[in-house]
Every structure is written in C-alpha cells, then in structure tokens.
2 protein chains.
Amino acid sequence: MVFWKKLFNNPDAVDTSKTTESGEEVLNLGSKDDSQPQIVFSTDRDLDYYELEELCDRVGWARRPLRKVKIAIEHSFLVVSMWEVKGKKRRLIGFSRATSDHAFNATIWDVVVDPKYQGQGLGKALMKYSISQLRSADISNITLFADPQVVKFYQRLGFIVDPEGIKGMFWYPD
Amino acid sequence: MVFWKKLFNNPDAVDTSKTTESGEEVLNLGSKDDSQPQIVFSTDRDLDYYELEELCDRVGWARRPLRKVKIAIEHSFLVVSMWEVKGKKRRLIGFSRATSDHAFNATIWDVVVDPKYQGQGLGKALMKYSISQLRSADISNITLFADPQVVKFYQRLGFIVDPEGIKGMFWYPD
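Residues numbered from 1 in each chain as written. Chains lettered and ligands numbered in written order. Predicted model: local features only at pLDDT ≥ 70, side-chain atom pairs only at ≥ 80, totals over all residues. Heavy atoms only, no water.

Draft legend 1. Representation of the side chain of Ser76(A). The topology assignment puts Ser76(A) in the loop between helix H2 (66–74) and strand E3 (78–86). Among the polar contacts listed, one links the side chain of Ser76(A) to the side chain of Arg97(A), at a separation of 3.0 Å. (Helix = DSSP H or I, 4+ residues; strand = E, 2+ residues; numbered from the N terminus. Polar contact = N/O pair within 3.5 Å; in protein donor to acceptor, adjacent residues only side chain to side chain.)

Below, the structure is given as structure tokens:
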C-alpha cells in the first residue's frame, strides 16, 4: 500500500504513476504548482491521538477515552488519514477506519472531515481512497452505518441502503 | 472466556457456577439427566472447516472458498460454535462470528443454526451467548446486518432497526 496518486481536477480520475517510499498518496487539486498546499492520504496508523481528538472535536463528536481509541486503531484493518501539507507543515483534516475479517467483509467507521475543508470533494476523495484500499485487499462486501444526514453522500459514492431488504441493526447495553 | 454455564429451562437465566478447563459452556435444556444430549457452546476457533461448510450447506448458503473462510475466522474477534454432544459424539449445529476493533464496535456475521435444531430457542441462546461474550470484552456497540426474514428474531433479542435513522449501507464492486 505504498504508492502516490495524483488526481487532476476530477476526483474520479486516478493516476497512480507516482510512487514514493513514504506510503502516502497525494491528491492534487488541479494545481500543478508544487509550492501550493497538497492534500495527502496515509495509511500509517502511528497517529498523534491528541491531533485526532482535536479533529473529532471540530465536528462535535463526543470525546472517547484515548486508551480505547488507541486499541481501536491498532485493531482496525484499515486506517486512513488525510492531511493538508504546506511545505514542512502537516495538518490532519480527515480520517476513516475499517474493521474487517480480512477476507469477505469490511465495515467503515469514524469518517470525519474537518468542517473548514468540507464542500471541496475531500470527503468523497477520502472515501474513494478508503474503498480503493479495501478493494485492493480483495474485500468485496464493504459496509457502513450512515447517520441520516450523510446517507445521500454515501449513495453518491455507490453505497446502497438496505439492499434486498437487509437491515442494519444495533444492540446497546441496558 | 473459559467457563461453563447452565441455563435451566429459561434461556434468559444464566448460572455461571460451573467452570472447567475446556473453554466451553453447557446449555442444559431443562433435563438434569447427564445421559441426555447436551448443547455446548465454544469460542475455540480451531474448527473443522468442512464440518462448518456442511452446516452452511444445510441452510442453503452459497459456498465460499475454505481458504478465505479460514482467514475470516482467524481475523474475527469472536467465533462461537454450538454443538450437540451425546456421550463422546459432537455435532456442529450452530455458528456465529464477529469482527471488532476490540474497543467500541463489533459486527456479527454468519449466524447459522442447523434447520433440524431450529424452533427450540437455540438460535436465541447462540445469540445471547455471542452478545454476552462481546459484552464481557467491554464492546458496547454491537451491530449486524439482518436479512428481512430474521429482522423480528433479532428485534426480540433487543436489536434495533435504524436507531435514530442510522442506515446500514453496502458497497459492492461493479
């Protein structure tokens, strides 16, 4: 999973011609000027948990114990982080992760994009990158549980609600 | 997770007074006669994949490559098998497994009960056992994707469809 991609203007077009040793992928938002900020994806799970917590704070999520967040990240099959890179400065602007049995099923959790960076197709690019990583691992059944306000977002990415009447169900402790 | 339980008549009542080294749990279906068949649960993932395939055949599931089944079982957080034990003979009559991030979320997959043994509360007992295992691991968000014909079965176990409008969604390759 060590490669770079450039997406020129159209987030559907993926150019995987660039590969580095960093395990990261660059989303080039139309600019060919390398002095401009770049959007970079990484699957490195060695994250700063405080930086991740700040990102989740920005979208108003309830805080979770960092000890458990660390366990969850360690035991996720896929961890994707999205960064804005300006020169030597990097800022965490998006995140997603997936649990999986490594064979048939994956379930995507904790998809978040910094509100300041929303509305530019970055959520779409983050999900497309996450899906491509799962597909390259030969996972065919990719699932998630979508809050009502993001169902249409996932539908535009090709996710189907309740296919053949299959229902997502939740059990909570009393 | 090494303990025995006896459930006398009422599958909701759990008596964990019996513990052995076998890592198995006995479901006593009302009979106190030890010569009668017993229903035993195990979390041992060292299963005979051909026996599991036969069980899945009995409910008409499409066959899956055993190589991938093995990977999926190895990378499941929880694997539960249900056995009928008569003397020294054991027969696999039920199965379920769950993926998890080991911290927040678990998703239950591949719940199957031999049709010959359905209608006796064994599916309910299998699920209750699976839930209790996940709860004992401090997993609070237990999810699954239910086919239309088993939605009511899971609702009786306390699972909720689309809580707060959250929708289960699937992505399939083209």
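Draft legend 2. Structural view of the pattern of salt bridges. Applying the stated criterion across every chain, the model contains 24 salt bridges over all chains. The partner of Asp110(A) in a salt bridge is Arg64(A), with the nearest N and O atoms 2.8 Å apart. Separated by 46 residues along the polypeptide, Asp110(A) in strand E5 (residues 105–113) and Arg64(A) in the loop between helix H1 (49–58) and H2 bring together distant segments of the chain. Residue Asp138(A) is joined to Lys68(B) by a salt bridge in which the shortest nitrogen-to-oxygen separation is 3.5 Å. In this pair, Asp138(A) sits in the loop between helix H3 (122–136) and strand E6 (141–146) while Lys68(B) sits in helix H2 (residues 66–74), so the two residues belong to two different chains. With relative accessibility at 46%, the residue Asp138(A) sits in the partly exposed group. Three or more residues joined by partner-sharing salt bridges are found here, namely Glu54(A), Arg58(A), Arg91(A) and Asp114(A). (Salt bridge = Lys/Arg side-chain N within 4 Å of Asp/Glu carboxyl O. Buried < 20%, exposed > 50% of the residue type's maximum accessible area, 1.4 Å probe, protein only.)

Draft legend 3. Region of the structure containing the relation of the copies chain B and chain A. Note on the identical chains: chain B maps onto chain A by a rotation of 180 degrees and an axial translation of 0.0 Å, with an RMSD of 0.0 Å. The transformation just described matches what one would write down for a two-fold rotation axis. The rotation axis passes nearest to the C-alpha of Gly168(B) in chain B, at a distance of 2.1 Å. Interface overlap between copies: 100% of the residues of chain B at the interface are likewise at the interface in chain A, consistent with a symmetric, same-surface contact. (Least-squares fit on C-alpha atoms with pLDDT ≥ 70 in both. Contact = heavy atoms within 4.5 Å.)

Draft legend 4. How the structure looks around the environment of Phe159(A). Position of Phe159(A) relative to the elements: it lies in the loop between helix H4 (151–156) and strand E7 (160–161). C-alpha separation for the pair Phe159(A) and Thr143(A), spaced 16 residues apart in sequence, amounts to 8.1 Å. For Phe159(A), the contacting residues outside a window of four places in its chain are Ile108(A), Met127(A), Ile131(A), Ile142(A), Leu144(A), Tyr154(A), Met169(B), Phe170(B) and Trp171(B).

Draft legend 5. Focus on the sheet that holds strand E4 (residues 89–100) of chain A. Taken together, eight strands build an open sheet; the order of strands is E1(A)-E2(A)-E3(A)-E4(A)-E5(A)-E6(A)-E8(B)-E7(A) and the sheet is mixed. Either end of the sheet is taken by a strand with one partner, and the two such strands are strand E1 (24–27) and E7 of chain A. Of the strand pairs in this sheet, E4(A) and E5(A) are connected by six bridges, and their pairing is antiparallel. Considered in E5(A), the bridge of Phe95(A) is made with Val112(A). (Pairing = 2+ DSSP bridges.)

Interpretation in functional terms is not warranted from these geometric data alone.
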